[in-house]
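# Survey of secondary and tertiary structure
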Amino acid sequence: MDKKKFIKIIFIILFLAFVVSYVIEESGYYEYNLQNRTILTNDSMKKFEKDVSEGKDVTLEDYAVSTSKDYTNSFTKRTNKVSIGVNKILKKGIEYLFRLLGSFVKE
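Within any chain, residue numbers begin from 1 and follow the written order of that chain's sequence. For this predicted model, a pLDDT threshold of at least 70 governs which residues receive local features, and a threshold of 80 or more governs which side-chain atom pairs are given and counted, while totals over whole chains, interfaces and linings are taken from all residues. Side-chain measures here rest on the full set of heavy atoms in the structure, leaving out hydrogens and waters.

### A look at the overall build of the chain
The helix and strand labels rest on DSSP assignments: H or I over at least four residues marks a helix, E over at least two residues marks a strand, and numbering proceeds from the N terminus. Looking only at helices and strands, the chain features three helices and zero strands. Of the roughly 10400 Å² of accessible surface on the chain, a fraction of 65% belongs to carbon and sulfur atoms. Here, Shrake-Rupley sampling with a 1.4 Å probe gives the accessible areas, and only protein chains in the shown set may cover a residue.

### A short note on helix H3 (residues 74–106)
Here the expected length of a helix is defined as 1.5 Å per residue gap, with one fewer gap than residues. Helix length check: H3, at 33 residues, gives a terminal C-alpha distance of 48 Å against a target of 48 Å (1.5 Å per residue), a fit within 8%. Polar contact criterion, stated in full: a pair of N or O atoms within 3.5 Å, where within protein one must be able to donate a hydrogen and the other to accept it, and residues adjacent in sequence count only if both atoms are side-chain atoms. Capping the start of H3 is the job of one residue whose side-chain oxygen sits 3.0 Å from the backbone nitrogen of Phe-75: Asn-73.

### Looking at the packing of aromatic side chains
Pairing of aromatic rings covers Phe, Tyr and Trp, the last through its six-membered ring, and needs centres within 6.5 Å; plane angles under 30 degrees mean stacked, over 60 mean edge-to-face, and all others mean tilted. Applying the stated criterion to the full structure yields one aromatic pair. Look at Phe-18 and Tyr-22: their rings are 6.2 Å apart centre to centre, the planes differ by 25°, and that puts the pair in the stacked class. Linking Phe-18 with Tyr-22, this pair stays in helix H1 (residues 3–27), spanning four residues, or about one helical turn. To sort residues, take the accessible area from a 1.4 Å probe on protein chains only and compare it with the maximum for the residue type: under 20% means buried, over 50% means exposed, and anything in between is partly exposed. Owing to a relative accessible area of 53%, Phe-18 belongs among the exposed residues under this scheme. The class for Tyr-22 is partly exposed, based on a relative accessible area of 47%.

### Considering H1
Here H1 contains 25 residues, and its C-alpha end-to-end distance of 36 Å stays within 8% of the 36 Å for a straight helix at 1.5 Å per residue. Once H1 ends, the next one or two residues include Gly-28, with phi positive near 85°.

### A few points about the confidence of the model for the chain
pLDDT is defined as a per-residue confidence score from the predictor, taking values between 0 and 100. Per-residue confidence for the chain gives a mean pLDDT of 82; residues scoring 70 or more make up 87%. By mean pLDDT, the top-scoring element of the chain is H3 (89), and the lowest-scoring one is helix H2 (residues 29–53) (75).

### Regarding a nonpolar patch on the surface
A contiguous nonpolar surface patch, about 990 Å² in accessible area, is contributed by Val-82, Val-86, Leu-90, Ile-94, Tyr-96, Leu-97, Phe-98, Leu-100, Leu-101 and Phe-104. Residue position: Phe-104 is located in helix H3. Residues with no salt bridge and a relative accessible area higher than 30% make up the patches, which join like charges within 9 Å and nonpolar side chains (Val, Leu, Ile, Met, Phe, Trp, Tyr) within 5 Å. Only one rule defines a salt bridge in this text: a Lys or Arg side-chain nitrogen within 4 Å of an Asp or Glu carboxyl oxygen.

What follows is the structure in structure tokens.
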């Protein structure tokens, strides 16, 4: 693949990423998600204030709203383990390389 074709593909990918980002922003999807979080938080605040005024024992865990979902499965867990292992090996190799280069500079 020549350089012009490679650069053209990169620019097309960047342009498509920009268009997708622009459409998401203009459609209000991000604001919709923020509004849903605010509504849940406002509902939790109202419940908290009601419970405090009634003299109930309150803890933060009762009112915290978790909207995150865990999408991990065995494949992603194994992939993460492999990635961490490769990173450790690469880190050791790079440290060894710099120690070796440092020993040449010191002498």
